[in-house]
Amino acid sequence: MNFNRFIMLILFLTLGFGSCKSTRKTIKEPIKEEGADYLFSKLKENELKFEWFSAKFSLDLLIDKKKNSFRGQIRMRKDSAIWVSFSPALGIEMARLMITNDSIKFINRLNKSYFAGDYYFVNQFLGTNVDFDVLQSILLGNDLTYYEDGKFRVSYDSREYHLVTAGRSKLKKYVQSQEDAERVYIQNIYLSPETFKITKMKIKEISKENRKLDAFYEDFQKTGDQLLPQHLRFDITAENEVNVDVIYNKIELNSPQKFSFKIPSKYERIR
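Remember, it's a predicted structure, so these values are computed and weren't measured experimentally.

Student: Honestly, the overall build of the protein chain in this entry has me stumped. Any pointers?
Tutor: A tally of regular secondary structure across the protein chain gives six helices and 14 strands. Burial statistics for the protein chain: of 271 residues in total, 50% are counted as buried. When the accessible surface of the protein chain is summed, it comes to about 14,000 Å², and 48% of that surface belongs to carbon and sulfur atoms.

See below:
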């Protein structure tokens, strides 16, 4: 497997049941009385609030029925940077990744090479269409940031709230390129009726029918006074079918992190 391609591809419910009466009161009335605006506000109210995020992780990657397992560390500074270190199941670091609002860089220690480029190159290479805001959101189980609220429709499927919008695009003041302006999503969000946390999110590009992402969030645990998903699953459909299974552990919030990323002088740049 082409490891460089793997690194880029990476970038891409529990519910309680009470009596019928209490469930109907808890779940039906907010939809009937408040509607989608109420649920969307509760979603935002219960999203993860952070300035810094760090965690260790284990990761299983399935591409074309070939499975690879990794472990590593992930660090984030909100709206600024995502830093990831990858290792084999047992072993020393094999790759390091650094993502910012306008660049993507990684070091491949296995073949002593590195990549430094922007989202345009990566999206063209992979046949996907992502940006920093989307990556940050899906890695934490939050809603997309800096995108129009749109007109959400709401329903209830006997277990979860379901918010749907077709035509969600980036806010004009955050559009940095023509690609940003043209990116419009159909989005399906499933919410826990108890916590208003996202348990499942489906994202599909309107103009790119073969590009979609299904994200699943499970095993919510408290870190401080906030709920975070420990288990994340991603099903990605672009030019390849990719399945990613991630388990976070040792999560830490709001402790300043270092983002060391030094490219050895003898490494060859990937062009």
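Now that the structure has been shown, the text picks up again.
Student: Please clarify how the side chain of Gln136 should be interpreted in this entry.
Tutor: Tracing the chain through its elements places Gln136 in helix H5 (residues 132–140). The exposure class of Gln136 is buried, given its relative accessible area of 4%. Of the polar contacts made by the side chain of Gln136, one reaches the backbone nitrogen of Asp79; its length is 2.7 Å. Apart from residues no more than four positions distant in its own chain, Gln136 is found in contact with Phe50, Arg77, Lys78, Asp79, Ile82 and Thr145.

Student: I'm lost on helix H3 (residues 36–45) in this one. Help?
Tutor: Because each turn of an α-helix spans 3.6 residues, side chains separated by three or four positions end up pointing in the same direction. Within H3, burial applies to Ala36, Leu39, Phe40, Lys42 and Leu43. One side of H3 carries all its buried residues, which in axial view fall inside an arc of 160°. Exposed and oriented more than 90 degrees from the buried face of H3 are Asp37 and Glu45.

Student: What should I look at first to understand the packing of aromatic side chains in this one?
Tutor: The geometry of an aromatic ring pair is captured by two quantities: the separation of the ring centres and the angle between the planes. Applying the stated criterion across every chain, the model contains 10 aromatic pairs. Each ring, one from Phe106 and one from Phe115, has its centre 5.8 Å from the other, and the planes form 25°; the classification is stacked. A relative accessible area of 2% means that Phe106 is categorised as buried. Taken together, a centroid distance of 6.4 Å and an interplanar angle of 80° make the contact between Tyr217 and Phe234 edge-to-face. Taken together, the positions of Tyr217 in strand E11 (residues 208–223) and Phe234 in strand E12 (residues 226–237) put the pair 17 residues apart, joining distant regions of the chain. Residue Tyr217 is classed as buried on the basis of its relative accessible area of 0%. Assessed through its relative accessible area of 3%, Phe234 is described here as buried. Clustering of aromatic rings is evident, with ring pairs tying together Tyr38, Tyr156, Tyr161 and Phe196. Looking at Arg75, its charged tip hangs above the ring of Trp83, at a distance of 4.2 Å from the centre. It is Arg233 that lies over the ring of Phe216; its NZ or CZ is 4.4 Å from the centre.

Student: How should I be thinking about the side chain of Arg75 in this particular structure?
Tutor: Within the fold, Arg75 resides in strand E2 (residues 66–77). Buried Arg75, no salt bridge; nearest opposite-charge side chain is Glu93, N-O distance 8.5 Å. A polar contact of 2.8 Å, which involves the side chain of Arg75, links it to the backbone oxygen of Lys258. Setting aside residues up to four positions removed in sequence, Arg75 forms contacts with Phe53, Ser54, Ala81, Ile82, Trp83, Gln257, Lys258 and Phe259.

Student: Even after reading the chapter, I still don't get the environment of Tyr120, so can you show me in this structure?
Tutor: Along the chain, the position of Tyr120 falls in helix H4 (residues 119–126). Linking Tyr120 and Val130, residues 10 residues apart in sequence, is a C-alpha distance of 9.2 Å.

Student: Just to check I follow, could you spell out the pattern of salt bridges for this structure?
Tutor: Where charged atoms from two side chains of opposite charge approach closely, those side chains can pair. Tallied over the entire structure, the rule returns nine salt bridges. Measuring nitrogen to oxygen at the nearest pair gives 3.9 Å for the salt bridge that ties Glu47 to Lys44. Across the salt bridge formed by Asp143 and Arg168, the nearest N and O atoms sit 2.7 Å from each other. Here Asp143, found in the loop between H5 and strand E7 (153–156), pairs with Arg168, found in strand E8 (residues 161–169); they are 25 residues apart in sequence, far enough to count as distant. The buried category is assigned to Arg168, whose relative accessible area is 0%. Through salt bridges with shared partners, a single ionic network connects Lys44, Glu47, Asp143 and Arg168.

About the cut-offs
- Residues numbered from 1 in each chain as written.
- Predicted model: local features only at pLDDT ≥ 70, side-chain atom pairs only at ≥ 80, totals over all residues.
- Heavy atoms only, no water.
- Helix = DSSP H or I, 4+ residues; strand = E, 2+ residues; numbered from the N terminus.
- Buried < 20%, exposed > 50% of the residue type's maximum accessible area, 1.4 Å probe, protein only.
- Areas by Shrake-Rupley, 256 points an atom, 1.4 Å probe, with all protein chains shown as cover.
- Polar contact = N/O pair within 3.5 Å; in protein donor to acceptor, adjacent residues only side chain to side chain.
- Contact = heavy atoms within 4.5 Å.
- Arc of directions from axis to C-beta.
- Phe/Tyr/Trp six-rings, centres within 6.5 Å; stacked < 30°, edge-to-face > 60°.
- Lys NZ or Arg CZ within 6 Å of the ring centre and 35° of its normal.
- Lys, Arg positive; Asp, Glu negative; His and termini not counted.
- Salt bridge = Lys/Arg side-chain N within 4 Å of Asp/Glu carboxyl O.

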